[in-house]
Amino acid sequence: MAAEKSRLGWRKPVKIGLVTGAVGTLVALVGMVEAFSYRLIVADLLSMGHALIFSVLIFGAILGARGARPAQAWLKGGITGVVASSLLGVLVLLGRIIPLRAVFINASPELFNLLSFGQEGFAGILMICAAGLLSGVLAGGMHVLPDPIRPALIRALGAVVGAGVLQDMLRPILVAWGPLWDIGELVFDANGLTPEGALGILVGVCLGYLGWEKKGRGLAARTETLPPRARKLLRVSWVSFLVALLLLLPQLLGLFLSEVLTIVGLYVLLGLGLNIVVGFAGLLDLGYVAFFAIGSYTVAILTSPELGFFQLSFWSALPVAVILGALSGILLGIPVLKMRGDYLAIATLGFGEIIRILVLSDFLRPWLGGAQGIGKIPKASLGGFEFRTPQELYYLILVGCLLVGFVSWRLRESRIGRAWMAVREDEDVAQAMGINLVATKLLAFATGAAFSALSGAIFATKLGSVYPHSFNVMISINILCLIIVGGMGSIPGVIVGAAALVGLPELLREFAEYRLLVYGAALVAMMLLKPEGLWPEAVRKRELHEGEQEPEVVDAGLKMG
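Just so it is clear, the model here is predicted, and its values are computed rather than measured. (Residues numbered from 1 in each chain as written. Predicted model: local features only at pLDDT ≥ 70, side-chain atom pairs only at ≥ 80, totals over all residues. Heavy atoms only, no water.)

On to the overall build of the protein chain. Helix and strand content of the protein chain: 24 helices and four strands. Taking 24 Å as the expected radius of gyration for a compact globule of 561 residues, we find that the protein chain reaches 27 Å, a close match to that expectation. Dimensions of the protein chain, computed from the C-alpha atoms along their principal axes, are close to 75 × 60 × 55 Å. Taking all 561 residues of the protein chain together, 45% fall into the buried category. Here the contacts in the protein chain between residues at least 6 apart in sequence split such that 73% fall between residues at least 24 apart. (Helix = DSSP H or I, 4+ residues; strand = E, 2+ residues; numbered from the N terminus. Rg over C-alpha atoms; globule rule 2.2 N^0.38 Å. Buried < 20%, exposed > 50% of the residue type's maximum accessible area, 1.4 Å probe, protein only. Contact = heavy atoms within 4.5 Å.)

Across all of its chains, the model carries eight salt bridges by this definition. Put simply, Arg 340 and Glu 427 hold a salt bridge, and the shortest N to O gap is 3.3 Å. Taken together, the residues span a long stretch of sequence, with Arg 340 in the loop between helix 13 (314–333) and helix 14 (341–360) and Glu 427 in helix 18 (residues 427–432) at a distance of 87 residues. Using a relative accessible area of 12% as the deciding quantity, one classes Glu 427 as buried. Across the pair Arg 340 and Asp 428 runs a salt bridge whose closest N-O atoms are separated by 3.0 Å. Of this pair, Arg 340 sits in the loop between helix 13 and helix 14 while Asp 428 sits in helix 18, and the two are 88 residues apart along the sequence. (Salt bridge = Lys/Arg side-chain N within 4 Å of Asp/Glu carboxyl O.)

This next bit is on helix 11 (residues 228–280). The first and last C-alpha atoms of helix 11 sit only 32 Å apart over 53 residues, clearly below the 78 Å expected at 1.5 Å per residue. In the structure, helix 11 departs most strongly from a straight axis at Gly 254, where the bend amounts to approximately 130 degrees. Gly 282 sits one or two residues past helix 11 and shows a positive phi near 70 degrees. (Expected span 1.5 Å × (residues − 1). Bend = angle between axes of the 7 residues up to and from the residue.)

Looking now at unusual backbone geometry. Note on backbone geometry: most residues besides glycine have negative phi, and most peptide bonds are trans. Positive phi values are uncommon outside glycine, yet Asp 44 reaches one of about 65 degrees. Structurally, Asp 44 can be placed in the loop between strand 1 (40–42) and strand 2 (46–47). Positive phi outside glycine occurs at Lys 376, with the angle close to 55 degrees. Considering the arrangement of structural elements, one finds Lys 376 in the loop between helix 15 (365–368) and strand 3 (381–382). Its relative accessible area of 59% is what places Lys 376 among the exposed residues.

Using the criterion set out here, one finds 14 aromatic pairs in the structure. With a centroid separation of 5.1 Å and an interplanar angle of 45 degrees, the aromatic rings of Phe 292 and Phe 459 are classed as tilted. Taken together, the residues span a long stretch of sequence, with Phe 292 in helix 12 (residues 289–303) and Phe 459 in helix 19 (residues 437–463) at a distance of 167 residues. For Phe 459, a relative accessible area of 14% puts it in the buried group. Consider the rings of Tyr 297 and Phe 471, whose centres lie 6.0 Å apart with planes at 55 degrees: the pair is tilted. One end of the pair, Tyr 297, is in helix 12; the other, Phe 471, is in the loop between helix 19 and helix 20 (473–486), and 174 residues separate them in sequence. Taken individually, Tyr 297 and Phe 471 each receive the classification buried, so the pair is uniform in this respect. In this structure an aromatic cluster arises from ring pairing among Phe 292, Tyr 297, Phe 459 and Phe 471. A cation sits over an aromatic face here: Arg 410 above Trp 409, 5.5 Å from the ring centre. (Phe/Tyr/Trp six-rings, centres within 6.5 Å; stacked < 30°, edge-to-face > 60°. Lys NZ or Arg CZ within 6 Å of the ring centre and 35° of its normal.)

Atomic detail in the predicted coordinates should be set aside for any region of low pLDDT. Summary statistics for the protein chain give a mean pLDDT of 85 and a share of 93% for residues scoring 70 or more. Note that residues 1–6 has pLDDT below 50 and, in this model, zero contacts with residues that lie over four places away or in other chains. The low-confidence segment residues 550–561 (pLDDT under 50) makes six contacts with residues lying over four places distant or belonging to another chain. (pLDDT = per-residue confidence, 0-100.)

Right, here's the structure in full:
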């Protein structure tokens, strides 16, 4: 019986190793390894192409060793790494015997040279397997390390790779900071990090994390014992520092990253609205983009001189857009009050498509612009100051995010927030407890729609034009995804999810055609490692992990049994 259990235990790393090897082979054959090999993470030591292959092997080994006892973790990680790298070795072997390039255009001699680390023949295959074994043992060995050191090392390695990948964006920021560029010259080489810079980042992040774990948490706990007046002063100081940082951020980051922040901010506004409908009240809404379109088109119609109807200012049109968005939310909510789950999703999806088709129609073209959209939307201005550039629009979006975030937070803690969560858990029980389902659901739809219309209004003044094709169903899917990735029902999770799902693809633009592939891989990795979301609600996290036990505890229980 014990031998059978042992055999079953080794199947998992072998299976994961085969899957990892297949993923590594796919990554190599689509051309990513060769294309990324011209960029270096660490000068003269590690290219981005090799880092990509190592990342795949290490990720597979972590999954292979997951849940294993500390004594076996490194061995299972090693098996996963060897199995995965063996497939890459087979690819190199076949590529040097058979002309694979007739089928796979990227199966070039340069690729095989990169995978075998420049070695020919059997020595090259051994090098690949040795790299896989080393990656697997190191990844599996992470489980043996004590708790404060393991997360510190993972964060430090992530910081080195992140700094190497984003080097082209970090250099201009350091140059703009003037004296800090002297430090930047020590960290960055012409292509990649200097070995001293990489080591400095590795050691600095490790020591910073360990220092926080040793002293920082104790310091944070001691602040809870301070007198109320001192705690209030400390809280005000932190908030003041955070506000100052948010205000200075566009000047510190420059034009491109400010543009990324404005896009992320618009999605945060949308995400906070849908979080009320889906995360708080549990009403799956796939037509959410319709309210975004209503807000945009309302501002366009009321402000654009192209149509010549009203020519109001942005601030006069904004309340109208938000009110129309809320009313539209109620109009959508009334016919779908009795629907649940998939049926509700399909009905709301239809509503989103109806709005898009209406603005495309020729019948409404004199009022909505048809396929040509509406242009010449004036920029928002306040006291003579016009929000034109991304660095100026950032402040407008920041105010919107803070306002919507505050309202969401207060609503969640209120009586209506608890009613939404009761409806989410069980509608029948909530109704039996005396909750008015009609009012509760309609309020959720109206609030979420108003936030979406606010985001649409800012979007219209940001671009200066609106087109029907800007409001397709993928916007709704992306907003729903960022809520799931961030953590359903979590307000900080919406911000983190928007940064990961919207900000990350923008930062990866330099990878051209591989951008969405890298983005998809990062998304799969996030959902495998953090299924509850990147910043979940405490209750949801507890619910998802309540059945988990430490391996030692399980083993002890089996032995006792």
